[in-house]
Amino acid sequence: MLQANCTTNQQSILQPRRKGHSWRCWTDARQLNRAGGWSPLTSDGYQWLEVDLGQRTKIAAVATQGRYGSSDWLTSYLLMFSDTGHNWKQHRQEDSIGSFPGNSNADSVVQYKLQQPAVARFLRLLPLHWNPSGRMGLRLEAYGCPHTSHVLGLDGSSGLLYRPSPGTRGSVREVVTLQFKTLRNSGTLLRAEGGGGGLGLGLELERGRLLLLTRGTERPPSSEPRRVASLGSLLDDQQWHRLAVERRGSQLNVTVDEHAERLRLPAEFAGWELSVGTVPSRGSQSPDVSKGNFHGCLENLKFNSVNVVELAKNGDLRVGNVTFSCAESVSVAVTFPGPRSFLRLPGATPSSSGGVSVGFQIRTWNKAGLLLTFDLPQQGGVVWLYLSEARLRLQIHKAGRALLELSAGSALNDGQWHSVALTSSRGRLSIGVDGEGGGSAQAAPPYAVAVESHLFFGGCPAEDNEPRCRNPFNVFLGCMRLLSLNHLMVDLMMVQKKQLGIFSHLQIDMCGIIDRCSPSRCEHGGRCTQSWTAFRCNCSASGYSGATCHSSVYEQSCEAYKHNGNTSGHFYIDVDGSGPIRPQLVYCNMTEENTWMEIQHNNTEVTRVRPSPGARQRSLHFDYSTGDEQLSAAIGQSEHCEQELSYRCRKSRLLNTPEGSPFSWWLGGPGPGRVQTYWGGAQPGSRQCACGLRGDCVDPQHYCNCDADRTEWYLKAEDSGLITHKESLPVRSLVLGDVQRPESEAAYRVGPLRCHGDRNFWNAAFFDKETSYLHFPTFHGELSADISFLFKTTASSGVFLENLGIKDFIRIELSSSTRVVFSLDVGDGPLEVRVESSVPLNDDRWHRVRAERNVREASLRLDALPAARRGAPADGHLHLQLNSQLFIGGTASRQKGFRGCIRALQLNGVTLDLEERARITPGVRAGCPGHCGSYGSLCRNRGRCAERANGFLCDCGLSAHTGAFCHTEVSASFKSGTTVSYTFKEPHESGRNSSARPSSVHSDTTLRGEDVSLSFRTNQSPALLLYVSSRHGESLALLINKHGEEAFILKEILPLSDNLPGFCVSWRLVSPGSEDVDPELSRLASLGFTGCLSVVRFNSVSPLKAALLHPHSSPVVITGPLVQSTCGSSASANPRAAEDTHHLSDQSGSVGSGQPLVKSIRTGSALIGGVIAVAIFLIASGLALTARFLYRRRETHGNQEAGGVKREDSGDFTFTSQRDSRSVSTENPKEYFI
C-alpha cells in the first residue's frame, strides 16, 4: 500500500535534464508525450535503461510510452532497483510476478502502480519483449516522493543502548521499527529487556533468518535462550528489510517484511530497555561479544515514534565505533536463471606449477547442476565439477570412461553461500567446500590437470555452437560470485559489457534467488521444500492433501461417512474441511436409525464417591479426546447432541431447593464452561432434576430424588437424564458438595458426548428455472480456494457457480451431460480444468464436485474419477481478486443457469446456507427430496431403501441380515439340545392381526416354491439342519449325511398346480433337535446339532433373525440355549465391536475416502464367501416325484487382514462317526453356505 504522504503528493521524480544510462547509449528519459525517446542501437536481450535519481527516493509508480512517431515500443519489461548502482534487486509484484505489461502502440501511456513502493536511488528497466515489427523504444516516467533516511553503520563491535524515560515505561503499547541490511548471515541485531527484570527478548540472525529468542536477564544467564519463532529468509542479501516489533499488553507481534508472527508474553514484561548491536548487558560493564553481533546498516530506528538514530547523533547512546552512513562493499554476483544460461571465460595464464586454481561461491536450492567444465590439454579428457545430491563432485572423463572421481561437502542446496575451490598443483588435485570448516577431497592423478583453452560455468552453449563443451548433467540454476582464476578475481562488470568472455541468459550484478518457502505456502503443517523454480509440500501425516496441503482427506461428519457406504467404526472427521480446525478421532455408530457421533472423555464409567471428611467439595474434571475448538464445531454443525448425566446417592443431596444454594453443580459449554445448576433431563435455568420436571420425585418437597436425603440405596435414589441443550455441552466439570458427611455416599456418571445429524450435509436448494439463482457475498480465496458440492439434474448443461472480478473470475459449470468444467483467471489468462464422465451426469442422481485452486495448480474431481489438474505458471499471479457477488445456480448475465438441485455447498470449509437464502428467493425452493436413487444401492441383501427428509434408511425387514445397510449377518450358536420353531400364520390370522409389524418375520404368503438359504459351521455329521412340515404331511428336510455332504429329503409334496386350500397353513420351520420330526428322521434328529447357523432364510421369512432380535413379537419357540454368535470369528460379543465390520466393498483404499482407522473383525461372510441360494423346483409327473437341487461347500479360512480365524483344516477333512459326532473338535470346523 502507498503511504499517505506518497499517494497525495505523488509527482514526477525524473528531472527534465536527467538522463538515462545504458552502456550502449545516452538519451533523455523524461519524454512522456514529447518527441524523441530511448532506443538502443541493437534490439536484443542485453539492453537496459538506467536512471540515477540523485538520492534515495520512494518510487510508487512507473509509466511507459513508445518512441514518438515510430513503431518502437516495449510490450513487457523488468524493473530493477539499487542504492549504489550495484547489487540490483528485481521488483516483483505479489512476490512472484517479475514482468510488467508494456505498450501496444507508440502513443498510449501505460502506468503501473507498485503494490509496495520501492526505495532506491537507481532504477533500471530491462526490456523483455518489443514490437516485432519495430525496435526497442521507450519514453519513461517514474512517480513517487522523497524518502527521509537516518542511517546507522555497525561494524560488529559497536551498538546503541536506549533507555526510555521513566514517564514512558510500562505503557500498554510499545513499538520498535527499523530497516536493516547486511552481508553477514548471523549476528545479534536487537535486544529488549523488561524493566522489571527477569525476562529479555532477542532478535538474532542465523543462516539468513531472524530468530526471536526469549532469555533471562540475570548474569550469567541461568539457561540457554529459547527459540520462539523464525522469520524471514535470505536476509543477508545486502538489501533493505523492514522489521517491526509491537507489544500490546501481553501480545507481541513481530513482522519481517511480509512475514508476521504473534505470541504472548508474561504480563510483567513491560518498560523496555532497547539495545542494538554490541552493548553491555544489564549488570555488566563490557559489551557481550560471546557470539557474533550485527555487522551492517540500520535505517530509521524508532521506539514509539522516537527517532533513536537522531538521539544517538546528539547524545551518549553510542557504544564503540558507530557511524552515521552506510558503507557497502561491492560484491558482484551473477544469476543463472534458466536452462540456456552459461558463462564462458578464457583460461588464465598457467601457474608456475603448471596446474590450475579456480574458486567461487554458489547459492542455490537445487541438488544437482553443472558448476564448471573444461577440457584437459593434450590428453583429450574433460573435467566436470558439479553438484549431485547436494554434494560437490568432480569427475575426469576420457574416452568414454571415468578416470577419477572425488566428492566433498553436503547439503549445498540450503540457499546459503558456499565457497567452492578446485586446485591442481604439483601433481595433487583437490576440491574443497567452505574452507577448513567444510569438506575436501584429494587425489594424485598421473597426468596434469590444467585448462586447455576455456572454462564454462553453469552450463554449455548449444552443441552446434560449442562442440568443446559437453554437459551430461543438469544445468546449474543459482547464483555465483567472487570468481577467481589462478588467484585473480574475475571482473564480472567487464563480462556484462561484453569486454570479457561470452555469456547467455545471465543476470549480472544481482542474485535472483527467491525463498518460495518463506513464508511457507504449505498449509496445515505441510513441510515445504523447494528447487530454484518451484516449491513442493509434503502433506504426509498432516491429514490434508493437494499441492499445498489445503484439502482435508477426511469427511466432515459421521453422516457423510455413512453415505459413502461405511459402517460403524472409528473415523477422523474434519468439521470445517480445509479450515483451520484440525481433524478429530470419533466413533461413528451407524446401528440405529440416526447416525451417532460419539466423543469420549477420560471417565465415562459409573464412579463411586466415598465420604471425604474435612473436604467441603469434590471437583471432577473431564478431559475429552478432542480439543475445545473441535468440540464446539462438531456440536454446532450437528442437528442434535446429548450427554448423559446421572447421580446415585445415599445421604448426599444434589441441588437442595430452588430457593437455596445448590450443593452441587456442573460446568458445561465452550471453553472452561459455564456454571449450570440444573441436572440431566431438566431444562436450563430450572434448577431441577428430571423428576422435578415430571413431578414424580421421591419427596414432593424437593425437585431431585437425591435431595430427599434418604439413608438407603434403592432404585429411585437416583437423578439421571440427558443434557440436550447444545449451548451447555459438553460437560466439562462436576462439583459435588454434599460428600463430607460420614454417612454420605454417591456415584456419578457422565456419558460420552453423542450427536447426530449434519446440518451442512443436507443443506440443499432446488433451482426450477434456468434464470433462477442465489447470490452471496464475494468469495475471498486469494491464495487458496476450494469448492465442493453435490448436484443432481436432468438438464444437460448449466452454471453451478460464478464469481467475477475486474479481470479475474472463477466458474464451475456442467458444459454437457458428461462434462464438468472448472474455469478461472487470476491474471495469467483463462485456465480450464475438465473432467469427462463415462456415464451421463443428468441422471437425476447425486454427483459430487470438488474444485481447488492454489498458487501451484488448479484441480477438479468428479465423484470417484481421477482428479484433473492444470499447473499454474512458475512466476504467475498469485492472488485471485474477485469483487462481484457470488452467484449460485446462475450467472451475472442470467444465461446458462442451472436447473436441478445443489447440496452441501462449501467454500474453503464454510457451508453456505442455501435453504435460508432459497426461502426468500423466487424460483428457488429449499431442500431437495429423493435420495434412494443415489444411495439405494447401499442397501444390500434384500434391504429396501426408504426415503427420509434428510437422507435415507435401509429397511431390513425382508432381509435375513441387519445393520445400517442390511450387511450384518445374524448368527447363533447351537448346542445339541437347541431348537428354534417358527409357525407360519394362516391367511385369516394375518388378516385379523392388522397391527402386526410389516416385517419379514411375519410376512407369510402362499408358497409357489421353496427358496432356502443359510450358512452353517459344524464338525458334526450326520446332522439335521432344517426341517419344514405342513399339517397335510408334506415335509422338507435339509441335512448333512454321514459323508459330510448336504442333502435334501422331500416327502409327499403335493403338486403346486393343485393349490389346495390350506396348503401353506401351519408350516413349521424347525432347527435340529425337534421332537415333531418325521419318524424316518427322528434318529438323525436325536443327534442334535452342534455348531453355528447364520442368515437362515425360507422364502421371505428369516426365522433365526426373528428368534434372536424379535423373540417376543414373532411366532417362534426356542428350546435350549440359543446364543447370538459370530460363528467362530474372533469378534467380540460387544455390540460395538460386532458393528466394527467393514467388507471389502466398503473400503476405497484411502483413509480420506472413507476407510475406518480402527479395523475390526468381519462377520461370517468375510470368512469364505456369501450365502448361496438353492432354488428348488418341484415338477409333478404322475406318482413319481423328482427333485433337483444345487449345493456348494467351501472351507472356512480366516481373513488375516481383519484378524479373523486362522485356517487350519484342509479340503481332505473327514467327518467322524455318528457316535463321535456329538463332540466338538478342537480343529476349526468347516463352514457351508447354502
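Every value quoted in this text rests on a predicted model; they were computed, and no experiment measured them.

K.L.:
Explanation requested: the overall build of the protein chain in the structure shown.
P.N.:
Along the backbone of the protein chain there are 12 helices and 86 strands. Residue pairs in contact within the protein chain that sit at least 24 positions apart in sequence constitute 70% of those at least 6 positions apart. Summed over all atoms, the accessible surface of the protein chain reaches about 53,500 Å², with 49% contributed by carbon and sulfur.

K.L.:
I would appreciate a short explanation of the state of the cysteines in the present structure.
P.N.:
By definition, a disulfide links two cysteine residues through a covalent bond between their sulfur atoms. Scanning the model with the defined rule gives 15 disulfides in all. Between C522 and C537 runs a disulfide, and the two sulfur atoms are separated by 2.0 Å. Every disulfide takes its handedness from the sign of the S-S torsion; for C522 and C537 that torsion is -90 degrees, giving left-handed. Here C522, found in the loop between β38 (507–508) and β39 (527–530), pairs with C537, found in strand β40 (residues 535–538); they are 15 residues apart in sequence, far enough to count as distant. You'll find C522 and C537 in the same group, each marked buried.

K.L.:
Even after reading the chapter, I still don't get helix α5 (residues 628–637), so can you show me in this structure?
P.N.:
It helps to recall that an α-helix has 3.6 residues per turn; residues three or four apart then point in one direction. All buried positions along α5 are accounted for by Q630, L631, A634, I635 and Q637. Where the residues of α5 are buried, they touch β44 (584–589), β45 (596–599), β48 (640–650), β52 (731–736) and β54 (753–756).

K.L.:
What is the right way to read the sheet that holds strand β14 (residues 200–206) from this model?
P.N.:
In any sheet, the strands associate via hydrogen bonds between backbone groups, in a parallel or an antiparallel arrangement. With antiparallel pairing, the seven strands of this open sheet are ordered in space as β16-β15-β14-β13-β20-β11-β23. Across the chains shown, the open sheet's two edge strands, defined by having one partner strand only, are β16 (226–231) and β23 (318–319). In terms of strand pairing, strand β15 (residues 209–215) meets β16 through five bridges, oriented antiparallel. In the strand pairing of β16, L210 is matched with L231.

K.L.:
Where do I start with the pairing of strand β74 (residues 979–983) in this structure?
P.N.:
Sheet faces and side chains relate simply in a regular strand, where the side chains alternate between the two faces. For β74, the buried fraction is high: four of the five residues fall into the buried class. Across four bridges, β74 lies against strand β81 (residues 1116–1119) in antiparallel orientation. The residue of β81 that forms the bridge with S981 is V1117.

K.L.:
Mind showing me how you'd approach the sheet that holds strand β60 (residues 819–825) here?
P.N.:
One open sheet accounts for six strands, arranged β56-β65-β58-β59-β60-β61; its pairing is antiparallel. Because the sheet does not close on itself, it has two edges, and the strands there are β56 (774–776) and β61 (831–836). Averaged over all pairs of adjacent strands, the angle between strand axes in this sheet comes to 15 degrees, irrespective of strand direction. Here two bridges tie strand β58 (residues 798–804) to strand β65 (residues 886–888), and the two strands are oriented antiparallel to one another. In the sheet register, E802 faces β65, and the bridge partner there is F887.

K.L.:
In this structure, what is going on with the confidence of the model for the protein chain? I would like to understand it.
P.N.:
Interpreting fine coordinate detail is not advised for predicted regions of low pLDDT. Overall, the predicted model of the protein chain reaches an average pLDDT of 80, with 78% of residues at or above 70. Here residues 1051–1075 scores under 50 on pLDDT; set against residues more than four positions off or in separate chains, the count is 81 contacts. Across residues 1130–1233, confidence stays below pLDDT 50; counting only partners more than four residues off in sequence or on other chains, it has 238 contacts.

K.L.:
I keep staring at the side chain of Q65 and nothing clicks. Help me out?
P.N.:
Residue placement: Q65 occurs in strand β4 (residues 49–65). Judged by its relative accessible area of 2%, Q65 is buried. At 2.6 Å, the side chain of Q65 and the backbone oxygen of D107 are in polar contact.

K.L.:
Can you help me understand the nonpolar core in this one?
P.N.:
Soluble, globular proteins show a tendency: their nonpolar side chains are buried together. Counting residues in hydrophobic clusters, the biggest one holds 65 residues, and the most contacted among them are Y647, W679 and L734. With four residues, β48 is the largest single contributor of residues to this core. Each residue touching W679, except ones within four places of it in the same chain, is listed here: L645, S646, Y647, L654, L655, W666, Q688, C689, D719, S720, I723 and L734. Among the nonpolar cores identified, the runner-up in size contains 46 residues, and V334, I362, V383 and L429 belong to it.

K.L.:
How do you make sense of the packing of aromatic side chains when you look at a structure like this?
P.N.:
Any two aromatic rings considered together are summarised by their centre-to-centre distance and by the angle between their planes. One pass over the full model with this rule turns up 24 aromatic pairs. When the centroid spacing of 6.4 Å and the interplanar angle of 70 degrees are considered together, the rings of F622 and Y748 count as edge-to-face. Of this pair, F622 sits in the loop between β47 (618–621) and α5 while Y748 sits in strand β53 (residues 745–750), placing them 126 residues apart in sequence. The interplanar angle of 55 degrees and the centroid separation of 5.0 Å between the aromatic rings of F800 and F898 together place this pair among those described as tilted. Taken together, the residues span a long stretch of sequence, with F800 in strand β58 and F898 in the loop between β65 and β66 (900–907) at a distance of 98 residues.

K.L.:
What am I meant to see in the environment of L252 here?
P.N.:
Among the structural elements, L252 can be located in strand β18 (residues 251–256). Along the backbone, L252 and L265 are 13 residues apart, and their C-alpha atoms lie at a distance of 6.7 Å. Apart from the residues lying within four places of it in its own chain, the contact partners of L252 are L201, L212, V245, E246, R247, E261, R262, L263, L265 and W272.

K.L.:
Explain the pattern of salt bridges here, please?
P.N.:
Side chains bearing opposite charge may pair, as long as their charged atoms lie close to each other. Taken as a whole and assessed by the stated rule, the structure comprises 40 salt bridges. Among the ionic pairs, D72 bridges to R67, the shortest N-O distance being 2.7 Å. Here E310 and K313 are joined by a salt bridge, their closest N and O atoms 3.4 Å apart. Within this pair, E310 and its partner K313 are both found in helix α2 (residues 308–314), separated by three residues, close to a single helical turn. With a relative accessible area of 37%, K313 lands in the partly exposed category. Through salt bridges with shared partners, a single ionic network connects R56, D83, K181, E299 and E328.

K.L.:
Got a minute to help me understand the environment of P1121 in this structure?
P.N.:
Considering the arrangement of structural elements, one finds P1121 in the loop between β81 and β82 (1122–1124). P1121 sits 143 residues away from T978 along the chain, and the two C-alpha atoms are 5.8 Å apart. When neighbours within four sequence positions are excluded, P1121 is seen to be in contact with S973, K975 and T978.

K.L.:
Honestly, the environment of G668 in this entry has me stumped. Any pointers?
P.N.:
Relative to the helices and strands, G668 is located in strand β49 (residues 665–668). Judged by relative accessible area, which is 0%, G668 ranks as buried. In this view, G668 contacts G673, R674, Q676, S728, P730, V731 and R732; residues no more than four positions away in its chain are not counted.

K.L.:
In this structure, what is going on with the pairing of β60? I would like to understand it.
P.N.:
Of all seven residues in β60, six are buried; the element is thus mostly enclosed. Bridge count for strand β59 (residues 809–816) against β60 is seven bridges, and the pairing is antiparallel. Paired with E813 across the strands is V821, a residue of β60. Here β59 folds back onto β60, and the loop between the two strands holds two residues. Direction of pairing for β60 relative to β61: antiparallel, over a ladder of six bridges. Each bridged residue has a counterpart across the sheet, and for F822 the counterpart in β61 is V833.

K.L.:
In this structure, what is going on with the side chain of D758? I would like to understand it.
P.N.:
Along the polypeptide, D758 turns up in the loop between β54 and β55 (764–767). Although buried, D758 forms no salt bridge, and the nearest oppositely charged side chain, R759, lies 7.2 Å from it. Side chain to side chain, D758 and S557 meet in a polar contact 2.6 Å long. Polar contacts involving the side chain of D758 include one to the main-chain amide nitrogen of F761, which spans 3.2 Å. The contact partners of D758, leaving out residues within four places of it in the chain, are S557, E559, Q637 and E639.

K.L.:
Please explain unusual backbone geometry as it appears in this structure.
P.N.:
Here the amide bond leading from S518 into P519 is cis, since omega sits at -5 degrees, within 30 degrees of zero. Summarising the element assignment, P519 is placed in the loop between β38 and β39. Phi at D257 takes a positive value of approximately 55 degrees, unusual for a residue other than glycine. With respect to the helices, strands and loops of the structure, D257 is situated in the loop between β18 and β19 (259–264). The partly exposed category is assigned to D257, whose relative accessible area is 24%. Phi at D863 takes a positive value of approximately 50 degrees, unusual for a residue other than glycine. Take D863: it is sitting in the loop between β63 (857–862) and β64 (868–871). Relative accessible area serves as the criterion here: at 27%, D863 is assigned to the partly exposed category.

Rules behind the numbers
- Residue positions are given per chain, counting from 1 as you read along its sequence in written order.
- Since the coordinates come from a predicted model, pLDDT governs what is reported: local features require at least 70, and pairs of side-chain atoms require 80 or more to be given and counted, while whole-chain, interface and lining totals use all residues.
- The side-chain numbers reported here are obtained from all heavy atoms of the structure, hydrogens and water having been left aside.
- By definition, any uninterrupted DSSP run of H or I lasting at least four residues is a helix, any uninterrupted run of E lasting at least two residues is a strand, and each is numbered from the N terminus.
- In what follows, a contact means two residues having at least one pair of non-hydrogen atoms within 4.5 Å.
- Each accessible area is a Shrake-Rupley result for a 1.4 Å probe, and residues are judged covered by the shown protein chains and nothing else.
- Cysteine sulfur atoms that pair up within 2.5 Å are treated as a disulfide.
- To sort residues, take the accessible area from a 1.4 Å probe on protein chains only and compare it with the maximum for the residue type: under 20% means buried, over 50% means exposed, and anything in between is partly exposed.
- Between any two strands, pairing holds if DSSP finds at least two bridges.
- A fitted line through C-alpha atoms represents every axis, and for helices the fit uses only the stretch in contact; the resulting angles, taken between N-to-C directions, go from 0 to 180 degrees.
- The quantity known as pLDDT measures the predictor's confidence residue by residue, on a range of 0 to 100.
- We call two N or O atoms a polar contact when they sit within 3.5 Å, provided that within protein one can donate a hydrogen and the other can accept it, with sequence-adjacent residues counted only if both atoms are side-chain atoms.
- We define the nonpolar core as a collection of buried residues of types Ala, Val, Leu, Ile, Met, Phe, Trp, Tyr and Cys that are connected through side-chain atoms lying within 4.5 Å of one another.
- Each pair of aromatic rings taken from Phe, Tyr and Trp, with Trp reduced to its six-membered ring, is defined by centres within 6.5 Å and is described as stacked if the planes are under 30 degrees apart, edge-to-face if over 60, and tilted in the remaining cases.
- By salt bridge we mean one thing: a side-chain nitrogen of Lys or Arg within 4 Å of a carboxyl oxygen of Asp or Glu.
- Positive charge is attributed to Lys and Arg, negative charge to Asp and Glu, and no charge count is given to His or to the chain ends.

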